[in-house]
Every structure is written in C-alpha cells, then in structure tokens.
Amino acid sequence: MRVCTFYGFKGGVGRTLALVNVAAQLADKGYRVLVVDFDLESPGLGSFGYLNSGLSLPGIVDYVHHFLNFDSAPGVGDYVAQTKSNASILVMLSGEGNPNYAAKMARINWFDLYEKRDGFRLFEDMKAQWAIEIEPDYVLIDCCSGFASTVGICTRQLADYVLAFFSPNAQNLYGLKQIVSQIRAESPTVRRKNIELDFVMAAVPSMYDEDGILDDFRHRFEDQLGIGELLTIHHYESFQLLRQTVFAVERPNSRLALEYQKITDLIAGGNS
C-alpha cells in the first residue's frame, strides 16, 4: 500500500480533479485504489458522480468524533464504500454531508486531539486498518490547502509520497517553501520517515511566453524547492469541466487526460 497525498498551498490548481483522474487511470491499470477526502473545510470528492457509492456513510469527521466520544478507533469498514462506476475504486469521504457537518467539523480541536488524546495513534491505526481491512494498492488523499491544522497529518504522518501542485506565482512559492521544508524535516527525526516529493505546475497558460515569465518562475521554483521531477498541467478550456467530467474515462486521448497519465505513471513507477 502506498499513500499518496495531493497538496496545493492555494486552491484553484486542479488538485482534486487531478486526483480523481489519476484514481481512474490507476484502476484502469488493475490497481485497487482508495480515495480519501481530507479537505475537511472544503470537501469536494463527494460531488463527483464518478465516485458515487450510492450509500450515505460517515467520514473522517465522524471517525474523529467516534474516537473522541469512545476513546477507541472505530473500524474503517463502516466508513469506506465501493464506487458504483468502478469496483476497483473505494471512497472515504469527509463526512455525511448533512446540515450538521460544518458544526461537527468545527468542534474538533486538532491541537487537543494530538496533545491530550493521542491523535497520532488514532491516524496510525486508521492507516494500518486501510492496509489490513481495505487492502488498496494506493491510497490517494485529497489534502486541504494552506497551513491548516490537518495539512501535517496528510503530508507528513500519513503520506509515503506527496504530490505538490502549484501555479507559477510568488504566493505559491512562499507557501510551498514552508510546507516542503516541514516534509523534508521528517527524515532526520526519530521516525526517520523519508517522504518522497514530486511537483506539478498546474493551470499553466497555453500561449507563447514571449517575455520568459513562465521560464523565470519555473527556474525559481526548481531552485528554491530543490525540484527534481516537474510535471505540467496546462489550462484546459472546456465546459465539460463544469460537469466535473473525468477526462481519463470519457476522453482518454485528450491533452488533459494525457497530462494526468504522466502523473499516474510517476506514482505507479514509485511503487514498483
């Protein structure tokens, strides 16, 4: 099982859409994939018809509340469902999506969870249950943006691999430098966790860069973040995106699907 976290410091870089398409492509290769919506403040995976399970199950927020109420980790089987469109893809959403979700999510004190209630153990147990009970080849985590409390859980504790999405601008560089530094700092700690990192420059304009602006930002990101592998997702104009079309399934030969395929191959290559 390889846990891959999709992270972007700022929203609007197509992180969630990329995750869904990569899940579809991994499943098409014969892998069993669990997708997890850990973007608790702005959950999005549940809105994709492609990921519909036909069931209304509790999610991450409910999982944490069960632990807070009973001081024991619940079984993940009650929180994971198989999608109707693809038997190889399973989902664990942020929550049931009812009107009480936002209030329930806001009641979680993440600092207290870790400092007083052993939240680290809770999520270590969840990861172990994924491996034993669900048996996925890949877990794809949709992580929230910015410096939110749960970013560290997704990018440092749970992740074996982090795919960092960014638009080429100063704001993304500022934020990513701090997050990437924290991820790399895990290696010399007592856990000795060497988390792999790759980068995707997303929402890139498809036009001639006559002033060299894109090249300048690309070099700045590569130099300041120590980027080895850099993939690119170009801005794609299609009204089908408003319908959350999964291009890897419905238009597999489109430029967008082929760019997602490069991400999929990179992830799958690291698990060989």
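See above for the structure.
Caption draft 1: How the structure looks around the overall build of the protein chain. Across its full length, the protein chain holds ten helices and eight strands. For 272 residues, the compact-globule formula gives about 19 Å, and the C-alpha radius of gyration of the protein chain, at 18 Å, lands near that figure. The principal-axis extents of the C-alpha atoms in the protein chain amount to approximately 60 × 40 × 40 Å. Counting contacts in the protein chain only where the partners sit at least 6 residues apart, residues at least 24 apart contribute 78% of the total.

Caption draft 2: Quick peek at the packing of aromatic side chains. Inspection of the entire model under this criterion finds nine aromatic pairs. Aromatic side chains Trp 110 and Phe 123 sit 6.4 Å apart centroid to centroid with 25 degrees between the ring planes, which places their arrangement in the stacked category. In this pair, Trp 110 is assigned in helix α4 (residues 110-115) and Phe 123 in helix α5 (residues 119-134), connecting sequence segments 13 residues apart. Note on Phe 123: relative accessible area 0%, which makes it buried. For the ring pair Tyr 114 and Phe 123, a centre distance of 6.4 Å and an interplane angle of 20 degrees mean the geometry is stacked.

Caption draft 3: Looking closely at the pattern of salt bridges. Within the structure shown, the criterion is met by twelve salt bridges. Here Arg 15 and Asp 142 are joined by a salt bridge, their closest N and O atoms 2.6 Å apart. You can see Arg 15 sitting in helix α1 (residues 15-28) and its partner Asp 142 sitting in strand β5 (residues 138-143), a full 127 residues away along the chain. Each member of the pair, Arg 15 as well as Asp 142, is classed as buried.

Caption draft 4: Summary view of the nonpolar core. Membership of the largest hydrophobic core comes to 55 residues, with the highest contact counts inside it found for Phe 38, Met 92, Phe 123, Met 126 and Trp 130. Phe 123 has contacts with Phe 38, Val 64, Trp 110, Leu 113, Tyr 114, Ile 153, Gln 157 and Leu 158, leaving out every residue within four places of it along the chain. Of all hydrophobic cores here, the second largest spans 40 residues; its members include Tyr 50, Leu 163, Ile 233 and Val 246.

Caption draft 5: Molecular detail of the layout of surface pockets. In this structure, the largest pocket occupies an estimated 420 Å³ of space. The set of elements that each furnish at least two residues to the lining of the largest pocket consists of α1, β7 (196-204), β8 (230-234) and α10 (255-269). No other element matches α1, which puts four residues into the lining of the largest pocket. Looking at the lining of the largest pocket residue by residue, the class counts come to 13 nonpolar, six polar and one charged.

Caption draft 6: Molecular detail of the packing of α1 against α10. The geometry of α1 relative to α10 is characterised by a closest axis approach of 9 Å and an angle of 70 degrees between their N-to-C directions. Considering the angle they form, α1 stands roughly perpendicular to α10. Crossing of α1 against α10: the hand is right-handed. Residues Leu 17, Ala 18, Asn 21, Val 22, Gln 25 and Leu 26 of α1 pack against Ala 257, Tyr 260, Gln 261, Ile 263, Thr 264, Ile 267 and Ala 268 of α10. For the contact of α1 with α10, the residue count by class is nine nonpolar, four polar and no charged.

Caption draft 7: Broad picture of the sheet that holds strand β4 (residues 89-92). Reading across the sheet, the eight strands line up as β3-β4-β2-β5-β1-β6-β7-β8 and stay open at both edges, with mixed pairing between neighbours. Taken across any chain shown, the strands that pair with only one partner, and hence form the sheet edges, are β3 (81-82) and β8. The strands that α1 touches are β1 (2-8), β2 (33-38), β4, β5 and β6 (161-166); relative to β5, the one it contacts most, it runs at about 170 degrees. Along the sheet, α5 makes contact with β1, β2, β4 and β5, crossing β2 at roughly 155 degrees.

Caption draft 8: Geometry of the environment of Gly 11. Relative to the helices and strands, Gly 11 resides in the loop between β1 and α1. Put simply, Gly 11 and Arg 220 are 209 residues apart on the chain and 20 Å apart in space, counted from C-alpha to C-alpha.

Caption draft 9: Region of the structure containing unusual backbone geometry. Phi angles above zero are rare outside glycine, and Glu 135 is one such case at about 55 degrees. Tracing the backbone through its elements, the reader meets Glu 135 in the loop between α5 and β5. According to the relative accessible area criterion, Glu 135 is exposed, its value standing at 57%. Within the chain, Gln 244 stands out as a residue other than glycine whose phi angle is a positive 55 degrees. Relative to the helices and strands, Gln 244 is located in the loop between β8 and α9 (247-250).

Caption draft 10: Spotlight on the packing of helix α2 (residues 60-70) against α5. Packing of α2 against α5 leaves a shortest axis separation of 11 Å and a crossing angle of 125 degrees. By the angle class used here, α2 and α5 are oblique. Both α2 and α5 take part in a crossing whose hand is right-handed. Of the residues in α5, those in contact with Ile 60, Tyr 63, Val 64 and Phe 67 of α2 are Arg 121, Leu 122, Phe 123, Asp 125, Met 126 and Gln 129.

The rules we used
Residues numbered from 1 in each chain as written. Predicted model: local features only at pLDDT ≥ 70, side-chain atom pairs only at ≥ 80, totals over all residues. Heavy atoms only, no water. Helix = DSSP H or I, 4+ residues; strand = E, 2+ residues; numbered from the N terminus. Rg over C-alpha atoms; globule rule 2.2 N^0.38 Å. Contact = heavy atoms within 4.5 Å. Phe/Tyr/Trp six-rings, centres within 6.5 Å; stacked < 30°, edge-to-face > 60°. Buried < 20%, exposed > 50% of the residue type's maximum accessible area, 1.4 Å probe, protein only. Salt bridge = Lys/Arg side-chain N within 4 Å of Asp/Glu carboxyl O. Core = buried A, V, L, I, M, F, W, Y, C linked by side-chain atoms within 4.5 Å. 1 Å grid on protein atoms, 1.4 Å probe; cavity = no way out; pocket = protein on both sides within 12 Å on 5 of 7 lines; lining within 4 Å. Points joined across faces, edges and corners; volume = space filled by probe spheres on them. Nonpolar A, V, L, I, M, F, W, Y, C, P; charged D, E, K, R; others polar. Axes fitted to C-alpha atoms, helices over the stretch in contact; angles between N-to-C directions. Parallel < 35°, antiparallel > 145°, perpendicular 65-115°, else oblique. Left-handed = near helix turned anticlockwise from the far one by under 90°. Pairing = 2+ DSSP bridges.

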